[in-house]
Amino acid sequence: MKHQDLINACQQDWDAYIQHSFVQQLAKGTLAHTCYLHYLKQDFLFLKQYARAYALAIYKANTLADMRGALLSVNTLLNSEISHHVSYCANWGLTESDMEAEDEDAGTVAYTRYVLDTGIKGDIVDLYAALAPCSMGYAEIGRNLSADENTKLQGNPFIDWITLYAGEKFQQSAAQGTAHIDTLLAEIDLESQRGQNLIKIFRTATRMETAFWQQGLNAALENNV
Ligand SMILES: Cc1ncc(C[n+]2csc(CCO)c2C)c(N)n1
């Protein structure tokens, strides 16, 4: 099987993630700042847990090449992506210590601990199936938004978010990650128990991404920012 089989098997859930109202409001530039700030703070906490999940991938790797690949992801997350997130958040008035002090919201705990638990219980392929919707989804969102003529480019307060994920650098690293997942999936039959279990993992993580967007939108209702 290939990564596209994972998407095809949960197309409805995938579309709900990729086309979520939060994403559409980012594209239009209309998202309430309360919602965006809540998302940014939770995303900081999310990224820290994500680095732990890639650290687990070093532990679960079967080959030296895979250990090095996972180490590279840990390094990129801790020293580049999270650092970039922190300096980006400063433009929105959020400091690193503010974000460290923030409580993890239920959706942040649910998603990240699901990924970690899947990796702890399962093998390296299970772990990567749980990690996959993150970069594959954001890459598709970035491509969609940059190709869509309705995306507001001028005067959109969220344009830097859009150009980050639509940009060549992110697209390339996501494509590499997807190629790696294809290598891991190559010997697994889609119809097998194993294949079906991987679909279930991928679908659950996809639903968690949707819940993460929704958590951002809900911040407007809860007045908890
Ligand atoms: C909720 C949430 N989901 C996905 C991403 C995107 N993302 C996070 S880490 C990473 C690279 C490692 O695979 C990518 C693409 C995000 N920021 N927040």
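Preceding this paragraph is the structure being described.
These numbers come from a predicted model, not from an experiment. For every chain, the first residue of the written sequence is number 1, and numbering continues from 1 onward in sequence order. With pLDDT at 70 or above as the cut-off, local features in this predicted model cover only qualifying residues; side-chain atom pairs require 80 or more to be listed or tallied, and sums for whole chains, interfaces and linings still use all residues. Each side-chain value is worked out from all heavy atoms of the structure, with water and hydrogens disregarded.

A.B. asks: What exactly am I supposed to notice about the side chain of Lys-60 here?
C.D. replies: Secondary structure elements are taken from DSSP: a helix is a run of H or I of four residues or more, a strand is a run of E of two residues or more, and numbering for both begins at the N terminus. Mapped onto the fold, Lys-60 is located in helix H4 (residues 33-60). Only protein chains enter the area calculation, which uses a 1.4 Å probe; residues under 20% of their type maximum are buried, those over 50% are exposed, and those in between are partly exposed. When charges are tallied, Lys and Arg are placed among the positive residues and Asp and Glu among the negative ones, while His and the ends of the chain are skipped. When a carboxyl oxygen of Asp or Glu lies within 4 Å of a side-chain nitrogen of Lys or Arg, that pair is called a salt bridge. Buried charge without a salt bridge: Lys-60, with Asp-123 as the nearest opposite-charge side chain at an N-O distance of 7.6 Å. Contacts were defined at the residue level, with two residues in contact if any of their heavy atoms lie within 4.5 Å. Ignoring sequence-local partners within four residues, the contact set of Lys-60 consists of Gly-119, Ile-120, Gly-122 and Ile-124.

A.B. asks: For this particular structure, what's the right way to read the site of the ligand?
C.D. replies: Close to the ligand lie 14 residues, the nearest being Asp-43, Tyr-54, Cys-134, Phe-170 and Glu-209. The separation between a nitrogen atom of the ligand and a polar side-chain atom of Tyr-165 is 3.4 Å. Between Glu-209 and the ligand, the recorded distance is 2.8 Å, taken from a side-chain N or O atom to a nitrogen atom. Protein contact buries 93% of the 440 Å² of open area that the ligand shows by itself. For the shell around the ligand, the secondary structure elements donating two or more residues are H4, helix H5 (64-90), helix H8 (124-147) and helix H11 (193-222). Tallying contributions element by element places H4 first for the shell around the ligand, with 5 residues. Looking at the shell around the ligand residue by residue, the classes come out as 10 nonpolar, 1 polar and 3 charged. Any residue with at least one heavy atom within 4 Å of a molecule or strand is counted as near it. Polar contacts, as counted here, are pairs of nitrogen or oxygen atoms within 3.5 Å of one another; within protein the pair requires one atom able to donate a hydrogen and one able to accept it, and residues that are adjacent in sequence qualify only if both atoms are side-chain atoms. Surface exposure here means Shrake-Rupley accessible area, sampled with a 1.4 Å probe, where a residue is shielded only by the protein chains that are shown. When residues are sorted by character, Ala, Val, Leu, Ile, Met, Phe, Trp, Tyr, Cys and Pro go into the nonpolar class, Asp, Glu, Lys and Arg into the charged class, and all the rest, Gly among them, into the polar class.

A.B. asks: When you look at the state of the cysteines in this model, what are you seeing that I'm missing?
C.D. replies: By definition, a disulfide links the sulfur atoms of two cysteines through a covalent bond. Any two cysteine sulfur atoms within 2.5 Å of one another count as a disulfide. This model, assessed by the stated rule, comprises 0 disulfides. The closest cysteine sulfur to the non-disulfide-bonded Cys-89 is located on Cys-35, 15 Å from its own sulfur. For Cys-89, a relative accessible area of 0% corresponds to the buried category. No disulfide involves Cys-134; its sulfur sits 15 Å from the nearest other cysteine sulfur, which is in Cys-10.

A.B. asks: Quick question: what am I supposed to make of the packing of H4 against H8 here?
C.D. replies: The description of two packed helices rests on the angle between their axes and on the distance between the axes. Axis definition: a line fit to C-alpha positions, over the contact stretch in the case of helices; interaxial angles, taken between N-to-C directions, run 0 to 180 degrees. Two elements in contact, H4 and H8, have axes whose closest approach is 11 Å; the angle formed by their N-to-C orientations is 145 degrees. When the axes of H4 and H8 are compared, the crossing they make is left-handed. From H4, Tyr-39, Tyr-50, Ala-53, Tyr-54, Leu-56, Ala-57 and Lys-60 reach across to H8, where they touch Ile-124, Leu-127, Tyr-128, Ala-130, Leu-131, Cys-134 and Tyr-138. In this scheme the crossing of two helices becomes right-handed for a clockwise turn of the near helix relative to the far one and left-handed for an anticlockwise turn of less than a right angle.

A.B. asks: What should I look at first to understand the pattern of salt bridges in this one?
C.D. replies: Oppositely charged side chains can form a pair if their charged atoms are brought close together. Inspection of every chain in the model, using the stated rule, returns 7 salt bridges. Its salt-bridge partner being Glu-100, residue Lys-48 comes within 2.7 Å of it at the nearest N-O pair. Taken together, the residues span a long stretch of sequence, with Lys-48 in helix H4 and Glu-100 in helix H6 (residues 96-101) at a distance of 52 residues. By relative accessible area, which is 31% here, Lys-48 ends up partly exposed. Judged by its relative accessible area of 40%, Glu-100 falls in the partly exposed class. With its nearest N and O atoms 2.6 Å apart, the salt bridge here joins Arg-194 to Asp-123. Placement of Arg-194 in helix H11 and of Asp-123 in the loop between helix H7 (106-121) and H8 is noted, with a sequence separation of 71 residues between them. Accessibility expressed as a relative area gives 32% for Asp-123, which makes it partly exposed. By sharing partners, the salt bridges in this structure join Asp-123, Asp-126 and Arg-194 into a single network.

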